[in-house]
Every structure is written in C-alpha cells, then in structure tokens.
Amino acid sequence: NKITVVGAGHVGATCAQRLAEKELAREVVMIDIAEGIPQGKALDQWESAPVEGFDSHVVGAQDYEAAAGSDIFIVTAGIARKPGMSRDDLLKTNAGIVRSVSKEIARVAPDSIIIMVSNPLDVMAQVALDTTGFPRERVIGMAGVLDTARYRSFISLELGVSVEDIQALVLGGHGDTMVPLVSYTTISGIPLTQMLSQERIDALIERTRKGGAEIVGYLKTGSAYYAPSAAAVQMAEAIVKDKNRILPCAAHLKGEYGQDGIFLGVPCKLGEGGLKEILQVELTDSEEAALRTSAEAVRDTMAALG
Ligand code: NAI
C-alpha cells in the first residue's frame, strides 16, 4: 500500500515521518512544488529508518507519477497562517492550490481517499470533493481530531489526570465557531461537569477555540504542526487498519444535523473505504444553535470564494 502526503512543509513532513514510524504504508510519498524539498526531507527520514526500525520507504517528488495508485492522500499543500491572519485570509490562494492538487490526485489515483488538512479546512474539503468528483465517503477533513486533542490536553492539565482517560467531542467548523460538546465530555465515563465548575469548563473551551492562535502567537513565523500531523495520521490509521473509529471529522453533510451541501465537523465512523457512517447525536438547544452558527460561518466562507 501507499500513502501520499501533498505539501512537504511543517504539517506534511511531520505526517510523513509519523506514517513511516508507524509503518502505516509500505511506501510513503511526499510531494511538493518546492524543488528538492520533498526529496531532501524524504531521504533524511528514510535514513532514520535503521535507527527507528521501520521499513516504510519514504520518497519525495515534484511529480505525481510517484503517487500513482496511492490508497490515501493527506493534503497539506498551501500557505500557513501568519500572526494576525485569519484562516479565511488564506482562502483564495489555498483554493487554487487545492484545486490543482485535487486534479492530479483524481488523475493518478482515482480510487483514493483524501484527508484534507489545508485551511480553511471545511471549504478546502469542498473544493477537493467538487474537483475530484469523488463520493463523500472518500473526502474527509481533519479538524475535530485536533480540536478535541487540544481540549483533552487542557482538561488533563487542569485535572491532573491521564489524557487517555478523557473522551470528548468537538463539532462544527474548524475555526472560532467550533462547538465543544460539554455534555459528551467524560473522564473514564464520569461527566466533566461533575469534576469541574462551569466557569473552569468555559475557560478551557475558550482556550480550545483559540488553540491554533495560541501556537501562532508563540511561533510567530508559522502555525502548529505536531498535533495537527498526529491528528491527520490517526485518521489515516483508522482507515488503513479498518478500525471503525468514531472520530470527529469534517464530512460532507446531506441533511445530517439539519445541514445540506457543506462540510462540517460531525462524529464519523472511519474505516476501510473512508467515511463509513455519520453518527447523529442528541444536542442541547444551545449546542444546536452553536452548530447552526458554525455552519453559517462555513457558508459565508464558501460564498467569499464565489
Ligand atoms: P508550510 O508552509 O510549512 O507547508 C506548506 C507546503 O505546501 C510548502 O512546502 C509549500 O511549498 C507546499 N505547496 C504550496 N503549493 C503547493 C502545490 N501546489 N503543490 C504541492 N505543494 C504545495 O505550512 P504548514 O504549516 O505545513 O500548513 C499546511 C496547511 O495546513 C496550511 O493551509 C495550514 O493552515 C493547514 N493546517 C490545518 C490544520 C487543521 O486543523 N486542519 C492544522 C494545521 C495546519
């Protein structure tokens, strides 16, 4: 099997390394327009194989022929957010990039599954869906796994309990309008609301909402990539191993959650073939309202793209 990462920048190269170290594919391909970058990074990663003990072969290329027949593409090509820049500022540039990348994917691997990472996420996933003509089962966006990971990591710090014991669900669009579902947040089954005051929970949610910006604030010259790459690779792993994991992902909705024709973060079952099922969970009135607001934000960005 073969997994290709498009964009050998911060997120893409870290994805490739994680894929190889987990041996999720026999061959891991990195593609980037920047000459020499994917080749150099891929060779460097491959040279770590004897030390780390993995046999996934990592190769880099400018040309999509190297990616022919890939089972999965993780698309990270684009421009990253700079300080003070909103995700939506990236819109037009990244849409052009994602369109050209999607055309190449459909050409060299018409049966592949796309995990979109490039921002603005929900709209870039739509661009990939429209450009490739793939069914919605094979175009999925990464956002909720990252947002949930941030939320879980903050809860872990606050409570001093293992991150592994914290289950949570963050729905909605990738951005300031994300919808963390407090009612579905548990610590080994114990509702978070029994362990923390509403005031503290609100503070953690606020930090989660601004999680991306917090990292940009520190890095100044780029945005987060360790947690984003871990999240994208977890989705790839669920698909490669047919794990039937329930993960919050951006999926193309056809009436679910009262939304039609847009990508939005919802609980998805991921396994062989990609998106197997969208799970409908009960929401409180305020969560429902927040999800509608989030959907409006995605629609506004779609409209801005024209
Ligand atoms: P980066 O700037 O380090 O890497 C982007 C790479 O894309 C560069 O190497 C660039 O040469 C390449 N590229 C540009 N046009 C291309 C094309 N037409 N074909 C192939 N490669 C092309 O950026 P970084 O930090 O890796 O972020 C990548 C994207 O992922 C950004 O859009 C960023 O906003 C997004 N992102 C999304 C997250 C999410 O939760 N969905 C989280 C983190 C980042």
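Further up the page is the structure itself.
Residues numbered from 1 in each chain as written. Predicted model: local features only at pLDDT ≥ 70, side-chain atom pairs only at ≥ 80, totals over all residues. Heavy atoms only, no water.

**Points about helix 6 (residues 144-159)**
For helix 6, which comprises 16 residues, the first-to-last C-alpha distance of 22 Å matches the rise-based estimate of 22 Å (1.5 Å per residue) to within 8%. Buried residues of helix 6: Gly144, Val145, Leu146, Asp147, Thr148, Arg150, Tyr151, Phe154, Ile155 and Ser156, and no others. Remark: Gly160 follows helix 6 within two positions and exhibits a positive phi of approximately 65°. (Helix = DSSP H or I, 4+ residues; strand = E, 2+ residues; numbered from the N terminus. Expected span 1.5 Å × (residues − 1). Buried < 20%, exposed > 50% of the residue type's maximum accessible area, 1.4 Å probe, protein only.)

**Some words on unusual backbone geometry**
Residue Pro120 follows Asn119 across a cis peptide bond; omega there is -5°. Relative to the helices and strands, Pro120 resides in the loop between strand 5 (113-116) and helix 5 (121-132). Located in the positive-phi region is Lys220, a residue other than glycine, with phi close to 65°. As for its placement among the helices and strands, Lys220 is situated in the loop between helix 8 (211-219) and helix 9 (226-240). Using a relative accessible area of 53% as the deciding quantity, one classes Lys220 as exposed. Phi at Asp242 takes a positive value of approximately 45°, unusual for a residue other than glycine. Position of Asp242 among the secondary structure elements: in the loop between helix 9 and strand 12 (245-254). Note on Asp242: relative accessible area 31%, which makes it partly exposed.

**Some points on the sheet that holds strand 10 (residues 186-187)**
The antiparallel open sheet is built from three strands, whose spatial order is 7-10-11. Every interior strand has two partners, whereas the edge strands, strand 7 (166-167) and strand 11 (190-191), have only one. As paired elements, strand 7 and strand 10 share two bridges and run antiparallel to each other. Paired with Gln167 across the strands is Thr186, a residue of strand 10. (Pairing = 2+ DSSP bridges.)

**So, helix 2 (residues 37-46)**
Within helix 2, burial applies to Pro38, Ala42 and Gln45. Projected down its long axis, helix 2 carries its buried residues within an arc of 60°, all on one side. Looking at the buried side of helix 2, the elements it contacts are helix 1 (10-21), strand 2 (27-31), helix 3 (49-52) and strand 3 (57-61). (Arc of directions from axis to C-beta. Contact = heavy atoms within 4.5 Å.)

**A look at the side chain of Glu237**
Structurally, Glu237 is set in helix 9. Beyond its immediate stretch of four places on either side in the chain, Glu237 contacts Lys22, Leu24, Asp242 and Lys243.

**Concerning the environment of Thr148**
Relative to the assigned elements, Thr148 resides in helix 6. A sequence separation of 22 residues divides Thr148 from Val170, and the C-alpha atoms of the two residues are 5.5 Å apart. Residues within four places of Thr148 in sequence aside, it is in contact with Ala168, Leu169, Val170 and Pro248. One polar contact links the side chain of Thr148 to the main-chain carbonyl oxygen of Gly144, over a distance of 2.4 Å. (Polar contact = N/O pair within 3.5 Å; in protein donor to acceptor, adjacent residues only side chain to side chain.)

**A short note on the site of the ligand**
Near the ligand you find 27 residues, and of these His10, Val11, Asp32, Val117 and Met142 are the closest. Ile79 places a main-chain nitrogen or oxygen 3.2 Å from an oxygen atom of the ligand. Measuring from an oxygen atom of the ligand, one finds a side-chain N or O atom of Asn94 at 3.4 Å. For the ligand, whose accessible area on its own is 860 Å², the fraction buried by protein is 87%. (Near = heavy atom within 4 Å. Areas by Shrake-Rupley, 256 points an atom, 1.4 Å probe, with all protein chains shown as cover.)

**A short note on the pairing of strand 4 (residues 72-75)**
Every second residue of strand 4 is oriented toward a common face, with Ile72 and Ile74 on one face and Phe73 and Val75 on the other, all of them buried. Both strand 1 (residues 2-6) and strand 4 contribute to a ladder of four bridges, which runs parallel. Across the sheet, the residue bridging to Thr4 is Phe73, located in strand 4. Here four bridges tie strand 4 to strand 5, and the two strands are oriented parallel to one another. When the bridges of strand 5 are listed, Ile74 appears paired with Ile115.

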